Every structure is written in structure tokens, then in C-alpha cells.
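# Chains, contacts and geometry: an overview
Next come the chains, spelled out residue by residue.
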Amino acid sequence: MNYLNELLFGLYPYVAGTIFLAGALLRFDHGQYTWKTGSSQMLSKHQMRLGSNLFHIGILVIFFGHLVGLLTPHWVYAPFISAGTKQVIAIIVGGIAGVMCLVGGAMLLHRRLTNPRVRATSSRADIVILALLVAQVSLGLLTIIPAMGHLDGGAMLNLAEWAQSIVFFKGGAAEHLAEIGLIYKLHILLGLTIVLVFPFTRLVHVWSAPLGYVGRRYQIVRRRA
């Protein structure tokens, strides 16, 4: 069991991270014409605007919440808030964002599966990655149940120690998850798997955020007479 724990939470994160970085770089270098979102808005706007907005707002809050919450050392926020208080904030904010992401993702997945025009232009990877994201946010919401049973922040500190050990190449990372509940481990494993398949899906478009639009000159658009 210790060997499996070390394999899944000590080695697998680095395998997923290496493929994530190398795969994205190779795809950008050799397949730039495939580097796109593959938007289907022109085919059908039904459920698109609401579902997309809910999904993207929710997933951005979740991503940056995880990024700050897991990679910020405990001593940084300890003088201001306790670990228990931080966990309660994470449950509330993460729960709201998770529900938004789940509802939006479910709408987009339903649209992609049931709309004939959208389904015809969807690849297998499009459907699989969206289904994985919906499953991942569902697991994330399910972690709230055990988290409500121990509001001292102990489990959250172990998860943060694991994440920081992985990112900063500290030894014994997997040991921090030895006593963590199964639902947390499933959530982590699915998250790592999404990182692993990232370069082979439309998710690569997140590297190309259109920040240039913010500072570009305005365009004059006229209606046809």
C-alpha cells in the first residue's frame, strides 16, 4: 500500500507534469493549426452563453483558489486567519464556484451530446475532456462532505503540504496523503490525469489568453445598408 501511495502521489504528479509541459510545447511547435478552442457558437447558441459563462467563471475561481490555497505556506496567513477559518472560506467560496462550474459544464456537455450540429463537429477528445472536467468538479464538491466533519483545517494543511512538496521538489510528498480520505485521493488523481491529457485536447487554448485585445485600438463596425 505504501508503494502504491508513493507511485500515485509521489511519482505520477511528475509524470503528468512532464507530459503537460513537453506535450504543450511540442504541439505548439508542430501543430499550431490545431491550437484553438474549436468554438461551436456559430453552429448553435442554445445553452451556449449561460453554460459557458457559468463554467468559465466557476473554473477560474476554482483554479486560482486552489493555486493560492495550496501553494501558500501556512506561516504566511497564520498571523491573520487560522487554518480552520481558511477551510471554511474555501468551502463557501469553492462550493459556490463549484456549483456554477458543474451547472455550466453539464449544460455544455448536454449541448455537445444532444445537438446534432455540435455533435457532428465534436471530436472524441472534446467530449472526453468536458466529461472529465464535470466529473472532477463533482468530486471536488463531494469533498465538502468530509471537510464539514473536521473544520480544524488539518486535512487542508496535509493537502497543502503535499502540493508544496511536489511543486518545490521536497522529499516525502506522498507521506502527507497517507491518512487522507479516499474522496480526496480520487479528486487529486483525476486532476493529475486532466493535467496529463491537457496537451492533447482543446484545453491548450488557456495558454493563449487574448490579453492583446485589452490594449488594441478600437474597430469601427458598421451595419450593412
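What comes next concerns the included structure.

Here we take up the overall build of the protein chain. Scanning the protein chain from N- to C-terminus turns up 10 helices and zero strands. Starting at the N terminus, the α and β elements of the protein chain follow one another as α-α-α-α-α-α-α-α-α-α. Over its C-alpha atoms, taken along the principal directions, the protein chain stretches across nearly 65 × 40 × 35 Å. A burial count over the protein chain gives 37% of its 225 residues as buried. For the protein chain, the exposed surface amounts to about 14400 Å²; the carbon and sulfur share of it is 69%. For the protein chain, the separation between the mean place of its 18 positive charges and that of its 7 negative charges on side chains is 30 Å.

Moving on, we come to unusual backbone geometry. One non-glycine residue, Phe169, lies in the positive phi region at around 55 degrees. Within the secondary structure, Phe169 is located in the loop between helix H8 (154–167) and helix H9 (182–197).

On to the nonpolar core. Across soluble globular proteins, you tend to see nonpolar side chains buried next to one another. Phe9, Leu159, Trp162, Leu177, Ile180 and Ile188 are the most contacted members of the largest nonpolar core, which totals 19 residues. Those elements that place two or more of their residues in this core are helix H1 (2–30), H8 and H9. Among the nonpolar cores identified, the runner-up in size contains 16 residues, and Phe20, Phe55, Ile127 and Val137 belong to it.

Here we come to the packing of aromatic side chains. Inspection of the entire model under this criterion finds five aromatic pairs. With a centroid separation of 6.3 Å and 90 degrees between ring planes, the pair formed by Phe198 and Trp207 is classed as edge-to-face. Residue Phe198 is classed as buried on the basis of its relative accessible area, which comes to 9%. Look at Trp207 and you get partly exposed, because its relative accessible area is 47%.

As a further point, take the packing of helix H4 (residues 83–114) against H8. Two quantities define a packed helix pair, namely the angle between the helix axes and the distance between the axes. It is at 8 Å that the axes of H4 and H8 come closest, and there the two elements cross at 85 degrees. As far as their axial angle goes, H8 and H4 are roughly perpendicular. For the pair H4 and H8, the contacting residues are Ala83, Lys86 and Gln87 in the first and Gly154, Met156 and Leu157 in the second. Per-class residue counts for the contact of H4 with H8 are three nonpolar, two polar and one charged.

With respect to the helices and strands, Ser52 occurs in helix H2 (residues 48–71). The residues touching Ser52, leaving out its near neighbours within four places in the chain, are Gln47 and Leu108.

Below, the discussion takes up a nonpolar patch on the surface. There is a patch of nonpolar side chains on the surface, built from Ile57, Val61, Val88, Ile89, Ile92, Val93, Ile96, Met148 and Leu151 and spanning about 770 Å² of accessible area. Those elements that provide at least two residues to the nonpolar patch are H2 and H4. The biggest single contributor to the nonpolar patch is H4, with five residues. Turning to its location among the elements, Ile96 is positioned in helix H4. On the basis of relative accessibility, which here comes to 52%, the residue Ile96 falls in the exposed class.

Tracing the chain through its elements places Glu161 in helix H8. Distance from Glu161 to Leu177, taken between C-alpha atoms, is 9.1 Å for residues 16 residues apart in sequence.

Let's shift gears to the pattern of salt bridges. Scanning the model with the defined rule gives one salt bridge in all. Between Arg202 and Asp126 there is a salt bridge; the shortest N-O distance is 3.1 Å. Of this pair, Arg202 sits in the loop between H9 and helix H10 (212–215) while Asp126 sits in helix H6 (residues 124–142); the two residues are 76 residues apart in sequence, bridging distant segments of the chain. You'll find Arg202 and Asp126 in the same group, each marked buried.

Right, let's talk about the packing of H1 against H8 for a bit. Where H1 meets H8, the axes come as close as 10 Å, and the angle between the chain directions of the two elements is 45 degrees. In terms of their interaxial angle, H1 and H8 are classed as oblique. Note that H1 runs across H8; the crossing there is right-handed. From H1, Phe9, Gly10, Pro13 and Tyr14 reach across to H8, where they touch Trp162, Ser165 and Ile166. Each residue belonging to the contact of H1 with H8 can be placed in one class, and the counts come to five nonpolar, two polar and no charged.

Here is what the cut-offs are and how they apply
Residues numbered from 1 in each chain as written. Predicted model: local features only at pLDDT ≥ 70, side-chain atom pairs only at ≥ 80, totals over all residues. Heavy atoms only, no water. Helix = DSSP H or I, 4+ residues; strand = E, 2+ residues; numbered from the N terminus. Buried < 20%, exposed > 50% of the residue type's maximum accessible area, 1.4 Å probe, protein only. Areas by Shrake-Rupley, 256 points an atom, 1.4 Å probe, with all protein chains shown as cover. Lys, Arg positive; Asp, Glu negative; His and termini not counted. Charge placed at Lys NZ, Arg CZ, Asp CG, Glu CD. Core = buried A, V, L, I, M, F, W, Y, C linked by side-chain atoms within 4.5 Å. Phe/Tyr/Trp six-rings, centres within 6.5 Å; stacked < 30°, edge-to-face > 60°. Axes fitted to C-alpha atoms, helices over the stretch in contact; angles between N-to-C directions. Parallel < 35°, antiparallel > 145°, perpendicular 65-115°, else oblique. Contact = heavy atoms within 4.5 Å. Nonpolar A, V, L, I, M, F, W, Y, C, P; charged D, E, K, R; others polar. Patch = residues over 30% accessible without salt bridge, like charges linked within 9 Å, V, L, I, M, F, W, Y side chains within 5 Å. Salt bridge = Lys/Arg side-chain N within 4 Å of Asp/Glu carboxyl O. Left-handed = near helix turned anticlockwise from the far one by under 90°.

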